[in-house]
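# Notes for the structure review
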Amino acid sequence: MAMKMKHISKTLLSIVCTLWGMSACSDDYNKYDDCPTCDYSVTVGSLTGTPVRAIGVEMDPHFFSQNITRNDGSKAEDWENIVVQRVKKMKIQQFRIMMQPQWWEPSNDNNDPNVADMSKFTFDSEEMQSVYKVLDLAQENNIGVTLVVWGCITNIDLLSGINSGQMHFLCDARSHNVNPGWIAGTDNYEEFAENFSTMVKYLIEEKHYTCINQITPFNEPDSHIAGYGRIMWQGDFETMGWPDTYAPMVKALDAKFKADGIRNKVHFNLSDNTDGTPGYIAACVSAFTNNEADLYNSHVYKFDYDTPNSTLVNWERQNIASSGGKKHFVGEFGFPGYGSARQYGIDTYIRGVQLIRVALNYLNAGACGVSYWSLIDQYYNRNASYSEMQQLGLWKYLKSAYTADPDVYAKIKEDYEVRPQYYAYSLLTRFVRQGDEVYPLDLGDELIAGSAFLNTEGKWTYVLSNGTDKDKMIQLENDKKGANGEYNVYKYMEGRLPEGDNLIEATETITTQENNLKLKLSRSSIRVLVQK
């Protein structure tokens, strides 16, 4: 009886495999339970109307100035052999780069914000030399750059020792009465505008960096510090008696960039708010009546790995609805953490699946792009403790840097070891490109996301991320122009990731038949189909 049932089971399996094609029931399929008994039909419908601007990463310029100077074993050749090579392979499209005013103007050049005394600017500082390394990498690989002036430093700590321990001259009046942390806002709008504009003008006109295409004044200006208030006020009714400061600062910045002849060289990417102040963009839109903003962006870390698609989509749609007709970009994204430098599940395989699922939902909602925080593990200060090292990168730092955490250290095999999310996010940066039109796919499950992308050459790419513990057979129909043809298939699957920092390669080719593609989306996996 048992043998007879086994024979019947094999016969049914053979029939299903024949109907679906052998790729549906290959060896890779048989690692799971058995063939599904039904498929899920998906039709490529309407586009969002918002082409992709960029798939990017945070790449803050501290490797040379704050990491090599720790004398902990990192070397200049590590940058060339590791960072440069991996960035090239990943085909990253946009860097978001931290900047700090004291790096190029530690003391006020003079008392006239309309006349910059260039002899007082320190564009040759070691910190700026570290910035140039990142800009050179961007320039050489056609990577766009968003320069973000983080804020005004309250305790200067330059490698040169200039003004060590002093508060930067741009810090606002509140900084003298309370301890706002390491970053403060500014109420010295014209001097701040001179500082920022002079730096951008120098980089574009003197250093000839054509990669710089966006600027953002103040990182997370809505951040609240006890006893101090917002970094930069805007539209907050609980202002502790302080007026708005963000919009006046931006208006001064806009005027200065125009006066310096560089306003048309960069887009103003504004707001840069956290996910805790949903009204910040709307308050900015109300204040910017002279087209100061070219686009807006927000940061998001509040959603867990199991947050449903609809919640992610609704969050981004609210941002877009608040943006006054301007495009909205997800300027930083990740997951909940503990402290500012750690997140749960950072080394897990499933994080890669969820990273792509989350990004697809933001794009499906109409975001013009996303930027992951961050590219690499690194120290932001050469004297920082282990607990302060940013450990959210697509790859790790030197193995020896993790000795303070025995559980983590024991699992690391080599310096600059990549995390699983490196392979996953690389699928997005490599195959979803600037100018792609986005067609959301409804895959019938709140933890499975998908998008179809039509590039500027008329070729299609499908990205599917299954965050469930169930396999799903999918019949994908696309009757739009040019969709028929052969597709290379890339798979992010547990236990089948590449060795070292090699990227995922295509493992098979499938062909459309009468506008239909049939494939199996394995549990906890990513599929990317790229038209030849």
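The following paragraphs examine the structure supplied in this document. Quick caveat, the model's predicted, so the values are computed rather than measured.

### Looking at the layout of surface pockets
Its volume calculated, the largest pocket comes out at about 1,200 Å³. Lining the largest pocket are 46 residues, with Met98, Trp150, Trp182, Ser340 and Gln390 positioned closest to its centre. Residue composition of the lining of the largest pocket, grouped by class: 19 nonpolar, 19 polar and 8 charged. Approximately 800 Å³ is the volume attributed to the second largest pocket. Elements with a minimum of two residues in the lining of the second largest pocket: helix H11 (406-411) and helix H12 (420-431). With 3 residues, H11 is the single largest residue contributor to the lining of the second largest pocket. In terms of residue class, the lining of the second largest pocket is built from 12 nonpolar, 5 polar and 12 charged.

### Description of the sheet that holds strand S12 (residues 327-333)
The 8 strands are arranged S2-S3-S4-S7-S10-S11-S12-S13 in a closed barrel whose pairing can be described as parallel. Within the sheet, the average angular offset between the axes of one strand and its neighbour, ignoring direction, is 25 degrees. Against the sheet, H12 touches strand S2 (54-58), S12 and strand S13 (369-372), its axis set at about 145 degrees to S2.

### Side note on the sheet that holds strand S16 (residues 460-466)
On the basis of which strands lie adjacent, the open sheet formed by 6 strands has the order S14-S15-S16-S21-S18-S19 and antiparallel pairing. What marks the edges here is a single partner per strand, and that holds for strand S14 (437-441) and strand S19 (508-511). If you compare each strand with its neighbour and ignore which way they point, the axes differ by 25 degrees on average. Note that strand S18 (residues 486-492) and S19 share 4 bridges and pair antiparallel. If you follow Tyr487 over to S19, its bridge partner there is Ile510. Packed on one face of the sheet, helix H10 (residues 349-365) meets S14, strand S15 (448-454), S16, S18 and strand S21 (525-531) and runs near 55 degrees to S15.

### A word on H10
Three or four residues apart is the spacing at which side chains of an α-helix point the same way, because the helix has 3.6 residues per turn. For H10, spanning 17 residues, the distance from its first C-alpha to its last is 26 Å, which sits close to the expected 24 Å at 1.5 Å a residue. Summarising burial for H10: 16 of the 17 residues are buried, a large majority. Downstream of H10 by one or two residues, Gly366 has phi in the positive range, about 120 degrees.

### Brief notes about empty space enclosed by the protein
All told, the structure shown has 3 cavities of 30 Å³ or more when counted by the stated rule. Within this model, the second largest cavity holds a volume of roughly 90 Å³. Every residue along the wall of the second largest cavity is listed here: Ala54, Gln94, Arg96, Thr146, Gln214, Thr216, Asn269, Asp272, Asn297, Phe329, Gly331 and Ser371. Going through the elements one at a time, strand S3 (94-99), strand S7 (212-217), strand S10 (267-273) and S12 are the ones with two or more residues in the lining of the second largest cavity. Residue composition of the lining of the second largest cavity, grouped by class: 2 nonpolar, 8 polar and 2 charged.

### Here we look at the nonpolar core
The biggest cluster of nonpolar side chains holds 135 residues, and the ones touching the most others in it are Phe95, Phe333, Tyr362, Trp395 and Tyr425. Take this core: its biggest share by element is 9 residues, from H10. Excluding its chain neighbours within four sequence positions, the residues that come into contact with Tyr425 are Ile55, Gly56, Val57, Met90, Phe333, Leu355, Ile356, Val370, Ser371, Tyr372 and Leu394. Listed in part, the 21 residues of the second largest apolar core include Ile448, Ile474, Ile510 and Leu519.

### Here's the deal with the packing of helix H9 (residues 309-322) against H10
Interaxial distance between H9 and H10 falls to 8 Å at its minimum, and their mutual angle equals 45 degrees. Of the possible angle classes, the one that applies to H9 and H10 is oblique. Crossing geometry of H9 relative to H10 is assigned as right-handed. Across the interface between the two elements, Asn309, Leu312, Val313, Trp315, Glu316, Arg317 and Ile320 from H9 touch Arg357, Val358, Asn361, Tyr362 and Ala365 from H10.

### Digging into H9
Taking 1.5 Å as the rise per residue, H9 with 14 residues should run 20 Å; its terminal C-alpha atoms sit 20 Å apart, in good agreement. Along H9, the positions that sit buried rather than exposed are Asn309, Leu312, Val313, Trp315, Glu316 and Asn319. Looking straight down H9, one finds that the buried residues subtend no more than 160 degrees of arc, so they occupy a single side. Projecting away from the buried face of H9 at angles above 90 degrees are the exposed residues Gln318 and Ala321.

Calculation notes
Residues numbered from 1 in each chain as written. Predicted model: local features only at pLDDT ≥ 70, side-chain atom pairs only at ≥ 80, totals over all residues. Heavy atoms only, no water. 1 Å grid on protein atoms, 1.4 Å probe; cavity = no way out; pocket = protein on both sides within 12 Å on 5 of 7 lines; lining within 4 Å. Points joined across faces, edges and corners; volume = space filled by probe spheres on them. Nonpolar A, V, L, I, M, F, W, Y, C, P; charged D, E, K, R; others polar. Helix = DSSP H or I, 4+ residues; strand = E, 2+ residues; numbered from the N terminus. Pairing = 2+ DSSP bridges. Axes fitted to C-alpha atoms, helices over the stretch in contact; angles between N-to-C directions. Contact = heavy atoms within 4.5 Å. Expected span 1.5 Å × (residues − 1). Buried < 20%, exposed > 50% of the residue type's maximum accessible area, 1.4 Å probe, protein only. Core = buried A, V, L, I, M, F, W, Y, C linked by side-chain atoms within 4.5 Å. Parallel < 35°, antiparallel > 145°, perpendicular 65-115°, else oblique. Left-handed = near helix turned anticlockwise from the far one by under 90°. Arc of directions from axis to C-beta.

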